[in-house]
Amino acid sequence: MDATMLSEIEGLRVHITGVVQGVGFRPFVFSLARRYELVGWVRNSSSGVDIEINGPTEALDSFINALTAELPPLASIDHLETAPCPSNGFTDFTIVESRSEQGAYQPISPDMAVCPDCLRELFDSTDRRYRYPFINCTNCGPRYTIIRDIPYDRPLTTMAGFTLCPECAAEYSNPLDRRFHAQPVACPACGPRLWLEGPDMPDDPLRDEDALQAARRLLREGRIAAVKGLGGFHLACDATNQAAVGELRRRKLRVDKPFAVMMPDMDTVRRHCVVSPAEAELLTSRARPIVILARRPKSTIAREIAPGQDNIGVMLPYSPLHYLLLEPGPGFPEALVMTSANLSEEPIAYTNDEARERLLGLADALLLHDRDIHTRCDDSVMRILPNEQERSLVMPLRRSRGYAPFPARLPWPVPPLLATGGELKNTFCVARDDYAFLSHHIGDMENYETLASFEEGVTHMEHLFRVRPEIIACDMHPDYMASRYARERADREGLTLVEVQHHHAHIAAGMAEHGLSGATPVIGVAFDGTGYGDDGAIWGGEFLIADYTGYTRAAHLAYIPLAGGDLAVREPWRVALTHLHVAGLPWDNDIPAAAYGRSHLTVLRAQIERGINAPLTSSMGRLFDAAAALAGVRQAVNYEAQAAIEFEAQADPSEKKRYEFNYTNGIIDPKPVWKALLADKRSGVDVGRISARFHNGVATMVREVCCDLRERHGIDEVVLSGGVWQNVTLLRRTLTLLEREKFVVFCHSLVPANDGGLALGQAMVGGKGFE
């Protein structure tokens, strides 16, 4: 380099935060530096990626522009800071050793589906990783589930015990190789191995390809196998075999709740389901969630997969092992049930020892491997909502593998805090600065095992993201297990405790995911089954005027006594007859709910009239249960929202009529709904039209109340949150009506509308007073 060029050399220091580790970012920087003939170094740190680089000004500008314009597939940049520095006389560009920084943190990539390059190698008989179930590179494979600590380097993952062979080491060390510093990189010579165990298996277990083929034989024969995946075990069986699916239900103690199905490719999915372009895009995305699809009438998938429904939860293979397991072959099923490996309501099994202890009563064999899972992580579940403007909304029903722990960006910074979430579909959130790190799916907090899983997850994420909470936010319910944990810990550690009303948290979560500052309030429509209210009643049909600091309850469903308490949630006929009693309507014998509960009517009437075990509720979820029972759809349920789900499934999309509510002085009275519904039932109107009229009536009522609140408060922004808004029929019709009235409507697409999104709202409310 001549003297003139040397005089033009400048230095630049760059600090980048975001998902920039474990995603091929340093090799990307290295290749850009080579392209623009720059010198210096790049390294990982606990807070992101640091670069010091020297070169001509024009080349440095081009380098910085390319950093943001040409990102690797899994990378994302949140902040990029540059500062000039003296030229340091570098002669080359190098990748230097990572640096640990006390208290620093950075976002972490979720686990991602196997990439096309690895998939091609998996089935290439000339490749040294041919049919190797653990093939991966910097563009795919496990991330969050194997990380023990940051920075994201192999010694801090569950791959630490696998010593690289010379060939893998060469790839790992070559900045131009796509496996450069791919921390899970391995091959058959040096990496994890597969084997099959079970009571009918030989003492010396079958391994590798033999184990795989033996597992496939079991599935072909209608048996059940437990398969270790990325974030835990699945229970697998032939999804087209009615007897196999029935046996899995019997063993798992899962009566009707739908199973997820894995299909080998999109052609198979299209044979069995109706798939829109938006659904196909979501199915084939790197996150590979379960997507709720409409099944085709001639599909051979067993009806027992999702009793009472015309939808199926479908996912594509996302690990190399899945592709090998579902490889098409003579007599092999077109689809497998792939459901979380646990007894009903327990956490998913994720260690080999746990599988041996808990799953051998559920499965005929265990397909195991020795790549440890550090954090259990269930599959995510998504649904697509098409609307009349041909826009598609992605609706998360469960946000976990492929998405967690990717953060939500907050509209303003918060102090270090923990939000513990709710009782059902629990997730928690650790937050600091402008990041809210949302946990994987924990589940229903109804037993010690789930509490232990929750506590393990909290400890890990607080350590991973260097959060030492100053604030703990929780639901204000006195008995929620997650809330008891928050109160006890706040008392023990001297932390600030913020108890957040359930429906306020729902609306705050909806505001936060859309980046609303809270400077002006919104109309929050929070519809769900259960939430502890300020007055001690069970809320759930709420219209709030809300921001992050507080709310006013502007309107709500009229109270009814929930006769029987929790029993009424499991037996909707009780709620139906209670609604009729409150409305002054008789329990005639031709009403399906009255016929079903005939032997209990005297006791039920006494509970209602005397208030015995009959807390007041304004729940919209229970209103749907009542309608389903009165329409004759279902009088008892064995999983949450079953009656409402089956009622929605029968709604006739061509029906335009609706049932009317009374709305006076902030109270929404369904009495006219019940009169009209019973009249339709007695005159022979089919269930599909009754369901549609009910859905149309609720949507129209929401429009009426929102218009009234806009007139009184001058607010035209509406946030819809709570589990009832997972009802696609209701949501689509409500959006159409509100948008015609020129409301600006915000729905969930980042976190679930159900209680899986509560923690984000709790974090926003908990941190607001300390901004």
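Description of the structure in this document. (Residues numbered from 1 in each chain as written. Predicted model: local features only at pLDDT ≥ 70, side-chain atom pairs only at ≥ 80, totals over all residues. Heavy atoms only, no water.)

1. Considering the overall build of the protein chain
Phase 1 of the analysis: Secondary structure assignment for the protein chain yields 24 helices and 30 strands.
Phase 2 of the analysis: Along the first, second and third principal axes, the C-alpha set of the protein chain runs to 95 × 65 × 50 Å.
Phase 3 of the analysis: Counting all 771 residues of the protein chain, 62% fall into the buried class.
Phase 4 of the analysis: Of the accessible surface of the protein chain, which amounts to about 28800 Å², a share of 49% is contributed by carbon and sulfur atoms. (Helix = DSSP H or I, 4+ residues; strand = E, 2+ residues; numbered from the N terminus. Buried < 20%, exposed > 50% of the residue type's maximum accessible area, 1.4 Å probe, protein only. Areas by Shrake-Rupley, 256 points an atom, 1.4 Å probe, with all protein chains shown as cover.)

2. A few points about the pattern of salt bridges
Phase 1 of the analysis: Taken as a whole, this structure holds 51 salt bridges when the rule is applied.
Phase 2 of the analysis: Its salt-bridge partner being R409, residue D78 comes within 3.2 Å of it at the nearest N-O pair. One end of the pair, D78, is in strand β4 (residues 76-85); the other, R409, is in strand β18 (residues 407-419), with 331 residues separating them in the sequence.
Phase 3 of the analysis: The exposure class assigned to D78 is partly exposed, which follows from its relative accessible area of 23%.
Phase 4 of the analysis: Across the salt bridge formed by R303 and D310, the nearest N and O atoms sit 3.3 Å from each other.
Phase 5 of the analysis: A single salt-bridge network, built from bridges that share partners, covers D200, E221, R223, E247, R250, R251 and D364. (Salt bridge = Lys/Arg side-chain N within 4 Å of Asp/Glu carboxyl O.)

3. A closer look at the sheet that holds strand β20 (residues 471-475)
Phase 1 of the analysis: Spatial ordering of the open sheet is given by β19-β18-β20-β21, a layout of four strands whose pairing is mixed. The open sheet is flanked by β19 (429-438) and β21 (496-500), the only strands paired with a single partner. Sheet twist, expressed as the mean angle between neighbouring strand axes with direction ignored, is 60°.
Phase 2 of the analysis: Taken strand by strand, helix α24 (residues 758-768) contacts β18, β19, β20 and β21, and its axis lies near 80° from that of β18. (Pairing = 2+ DSSP bridges. Axes fitted to C-alpha atoms, helices over the stretch in contact; angles between N-to-C directions. Contact = heavy atoms within 4.5 Å.)

4. Notes on the sheet that holds β4
Phase 1 of the analysis: Here five strands make up an open sheet; going across it, the order is β4-β1-β3-β2-β5 and the pairing mixed. Where the open sheet ends on each side, the last strands, each with one partner, are β4 and β5 (93-95). Across the sheet, the mean angle separating the axes of adjacent strands is 15° when strand polarity is ignored.
Phase 2 of the analysis: Pairing geometry for strand β1 (residues 9-19) and strand β3 (residues 48-56), over eight bridges, is antiparallel. What sits directly across from R13, in β3, is E52.
Phase 3 of the analysis: Lying over the sheet, helix α3 (residues 57-69) contacts β1, β3 and β4, oriented at roughly 150° with respect to β3.

5. Let's talk about the nonpolar core
Within soluble globular proteins, side chains that are nonpolar generally end up buried alongside one another.
Phase 1 of the analysis: The biggest cluster of nonpolar side chains holds 77 residues, and the ones touching the most others in it are V525, F527, F543, W674, F694, M701 and L720.
Phase 2 of the analysis: With 10 residues, helix α22 (residues 687-713) is the largest single contributor of residues to this core.
Phase 3 of the analysis: In this structure V525 touches I507, E542, F543, V702, C706, V718, V719, L720, S721 and W725, once residues within four positions along its chain are discounted.
Phase 4 of the analysis: Counting residues in each nonpolar core, the second largest holds 68 residues, with C118, L219, V227 and Y318 among its members. (Core = buried A, V, L, I, M, F, W, Y, C linked by side-chain atoms within 4.5 Å.)

6. Digging into the packing of aromatic side chains
Phase 1 of the analysis: Considering all chains together, one arrives at 16 aromatic pairs under this definition.
Phase 2 of the analysis: Where F454 meets Y485, the ring centres are 5.1 Å apart and the plane angle is 90°; that geometry is what we call edge-to-face. With F454 in helix α12 (residues 448-464) and Y485 in helix α13 (residues 481-493), the pair connects residues that are 31 residues apart, well separated along the chain.
Phase 3 of the analysis: Given a relative accessible area of 12%, Y485 falls into the buried group.
Phase 4 of the analysis: Ring geometry for F527 and F543: centres 5.7 Å apart, planes at 80°, overall edge-to-face. Of the two residues, F527 sits in strand β22 (residues 522-532) while F543 sits in strand β23 (residues 538-546), which places them 16 residues apart along the sequence.
Phase 5 of the analysis: Residue F527 is classed as buried on the basis of its relative accessible area, which comes to 1%.
Phase 6 of the analysis: Members of the aromatic cluster, connected to one another through ring pairs, are Y105, Y435, F437 and F465.
Phase 7 of the analysis: Of note, R553 hangs over the ring of W539, and the distance from its end group to the ring centre comes to 3.8 Å.
Phase 8 of the analysis: Positioned above the aromatic ring of W587 is the side chain of R605, whose terminal nitrogen or guanidinium carbon lies 4.1 Å from the ring centre. (Phe/Tyr/Trp six-rings, centres within 6.5 Å; stacked < 30°, edge-to-face > 60°. Lys NZ or Arg CZ within 6 Å of the ring centre and 35° of its normal.)

7. Focus: the environment of S31
Phase 1 of the analysis: The topology assignment puts S31 in helix α2 (residues 25-35).
Phase 2 of the analysis: A relative accessible area of 32% places S31 in the partly exposed class.
Phase 3 of the analysis: Placed 62 residues apart in sequence, S31 and F93 show a C-alpha to C-alpha distance of 9.5 Å.
Phase 4 of the analysis: Within the structure, the side chain of S31 is placed 2.8 Å from the backbone oxygen of F28, a separation counted as a polar contact. (Polar contact = N/O pair within 3.5 Å; in protein donor to acceptor, adjacent residues only side chain to side chain.)

8. Structural notes on the packing of helix α19 (residues 620-630) against helix α21 (residues 671-682)
In a packed pair of helices, the relevant descriptors are the angle between the two axes and the axis-to-axis distance.
Phase 1 of the analysis: In the contact formed by α19 and α21, the axes pass within 10 Å of each other and the chain directions differ by 25°. Considering their axes alone, α19 and α21 lie roughly parallel with respect to each other. Note on packing geometry: the crossing formed by α19 with α21 is right-handed. Contacts from L623, A626, A627 and L630 of α19 reach α21 at W674, L677, L678 and K681. (Parallel < 35°, antiparallel > 145°, perpendicular 65-115°, else oblique. Left-handed = near helix turned anticlockwise from the far one by under 90°.)

9. Examining helix α20 (residues 642-649)
Phase 1 of the analysis: With six of eight residues buried, α20 is to be regarded as a mostly interior element.
Phase 2 of the analysis: Among all positions in α20, only Q642, A643, A644, E646, F647 and E648 are buried.
Phase 3 of the analysis: Considering only its buried residues, α20 is in contact with β16 (381-386), α16 (572-582), α19, α22 and α23 (728-740).

10. Quick word on the environment of F233
Phase 1 of the analysis: Secondary-structure assignment places F233 in strand β9 (residues 233-238).
Phase 2 of the analysis: Among the residues examined, F233 registers a relative accessible area of 0% and is labelled buried.
Phase 3 of the analysis: The spatial distance from the C-alpha of F233 to the C-alpha of M201 is 19 Å, given a sequence separation of 32 residues.

11. Quick look at helix α6 (residues 208-220)
Phase 1 of the analysis: Between its first and last C-alpha atoms α6 spans 19 Å; for 13 residues at 1.5 Å apiece the expected length is 18 Å, and the two agree.
Phase 2 of the analysis: Those residues of α6 that fall on the buried side of the exposure criterion are A211, L212, A214, A215, R216, L218 and L219. (Expected span 1.5 Å × (residues − 1).)

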